[in-house]
Amino acid sequence: SGSPSSVRTPLIEIDNVDFGYTATPVVRDISLRIDAGEYVAVVGPNGSGKSTLMELMLGLLEPDQGTAQLFGEPAHKFDDGSRIGYVAQHASASKEMPITVREVVKMGRFPHVGFGRLSDSDWDIVDRALDTVGMSAFADRRVTQLSGGQRQRAFIARALAGEADLLVLDEPTVGVDAESVEAFYKLLESLNDEGITILLIEHDLAAVTDHADRVVCLNGEVYFDGPTEEFVDSDALARTFGAVTTTPGDAT
Ligand code: ADP
């Protein structure tokens, strides 16, 4: 830090983006960039456009107005999926596909080996990923037999095996038992310490204020974007989350 060459390439850059599924915009005039190494949480009430924004960032949706770039390319054209690890809400892991944890994590190597055989060094990467997320002891267990938290760890391990540098998580601890949630966020923190960029879509504000470095608070528009400490002290919380429960007539 502080060096003259510390010009950073944004992993994600959203400029003046509007998007609606119908004529009514769901997100309006969103601009934000996420740099390598950040730990950013996107928060907002239900229906505030968090998942929509994430899909715009990942190029799964195209903006009606404005531009979305991913690793310096138009997001919808970006196709090096191995750089991005995606952990969905209720990672419900195909009930009809009773594969083991190791097999799930092995899939992370596919973009690197084609669909060919994994070499010994590929398997080392798989084993290291399992170890990093604390799932070595469950490697041969079927994903369908895991707890919610264990399953999410398995999906993170798959991303690590793929050598993803951006981890995108959409409310990853929904359905995860309370005792495992804290450990899960600790794991994200340690991955971030190792240089992995974390983009967390989260409804649980406590989790966000405890762990993320930066908060983007959304309710159709960006109400706040800045360091977590400033978010905690700001009125963005009341303004955004208050917006859905405000009684009519108390406008200031
Ligand atoms: P959040 O993730 O914050 O709960 P979403 O991005 O899922 O918010 O939803 C924002 C708004 O867009 C909501 O009003 C939702 O009903 C609407 N929406 C989401 N997905 C679709 C879709 N596929 N088609 C039409 N409307 C949608």
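Residues numbered from 1 in each chain as written. Predicted model: local features only at pLDDT ≥ 70, side-chain atom pairs only at ≥ 80, totals over all residues. Heavy atoms only, no water.

(A) Fine view of the sheet that holds strand β7 (residues 166-170). In spatial order, the strands read β6-β7-β8-β3-β9-β10; together these six strands make up an open sheet with mixed pairing. For this open sheet the edge positions go to β6 (84-87) and β10 (221-227), each flanked by a neighbour on one side alone. Taken over all neighbouring pairs, the strand axes of this sheet differ in orientation by 15° on average, direction set aside. The sheet contact formed by strand β3 (residues 39-43) and strand β8 (residues 197-202) spans five bridges and is parallel. Counted as the bridge partner of Val40 is Leu199 from β8. Helix-sheet contacts for helix α5 (residues 148-161) involve β6 and β7, and the interaxial angle to β6 is about 170°. Its contacts with the sheet put helix α6 (residues 178-193) on β3, β7 and β8, and the angle it makes with β8 is roughly 150°. (Pairing = 2+ DSSP bridges. Helix = DSSP H or I, 4+ residues; strand = E, 2+ residues; numbered from the N terminus. Axes fitted to C-alpha atoms, helices over the stretch in contact; angles between N-to-C directions. Contact = heavy atoms within 4.5 Å.)

(B) Main features of the packing of aromatic side chains. Under the counting rule described, the total for this entry stands at four aromatic pairs. Look at Phe71 and Phe78: their rings are 5.0 Å apart centre to centre, the planes differ by 20°, and that puts the pair in the stacked class. Per residue, the accessibility class of Phe71 equals that of Phe78, and both read buried. Look at Phe184 and Tyr185: their rings are 5.9 Å apart centre to centre, the planes differ by 80°, and that puts the pair in the edge-to-face class. Taken individually, Phe184 and Tyr185 each receive the classification buried, so the pair is uniform in this respect. (Phe/Tyr/Trp six-rings, centres within 6.5 Å; stacked < 30°, edge-to-face > 60°. Buried < 20%, exposed > 50% of the residue type's maximum accessible area, 1.4 Å probe, protein only.)

(C) Region of interest: the site of the ligand. Taken together, Tyr21, Val26, Pro45, Asn46, Gly47, Ser48, Gly49, Lys50, Ser51 and Thr52 are the residues near the ligand. A distance of 3.5 Å separates a nitrogen atom of the ligand from a polar side-chain atom of Tyr21. Within the side chain of Thr52, an N or O atom sits 2.5 Å from an oxygen atom of the ligand. Burial of the ligand by the protein chains amounts to 54% of its free accessible area of 560 Å². (Near = heavy atom within 4 Å. Polar contact = N/O pair within 3.5 Å; in protein donor to acceptor, adjacent residues only side chain to side chain. Areas by Shrake-Rupley, 256 points an atom, 1.4 Å probe, with all protein chains shown as cover.)

(D) The sheet that holds strand β1 (residues 10-19), seen in detail. Pairing within the open sheet is antiparallel, and its four strands lie in the order β2-β1-β4-β5. Whereas interior strands pair on both sides, the edge strands pair on one side only; in this sheet they are β2 (27-35) and β5 (73-74). Relative to strand β4 (residues 65-70), β1 runs antiparallel, the two being bridged by five bridges. Bridging across to β4, Asp15 finds its partner in Thr67.

(E) Structural detail: the pairing of β10. Bridge analysis of strand β9 (residues 214-219) against β10 gives six bridges, and the strand direction is antiparallel. Along β10, the bridge assignment pairs Cys217 with Phe224. The antiparallel hairpin formed by β9 and β10 contains one residue in its connecting segment, where Gly220 sits at a positive phi of about 80°.

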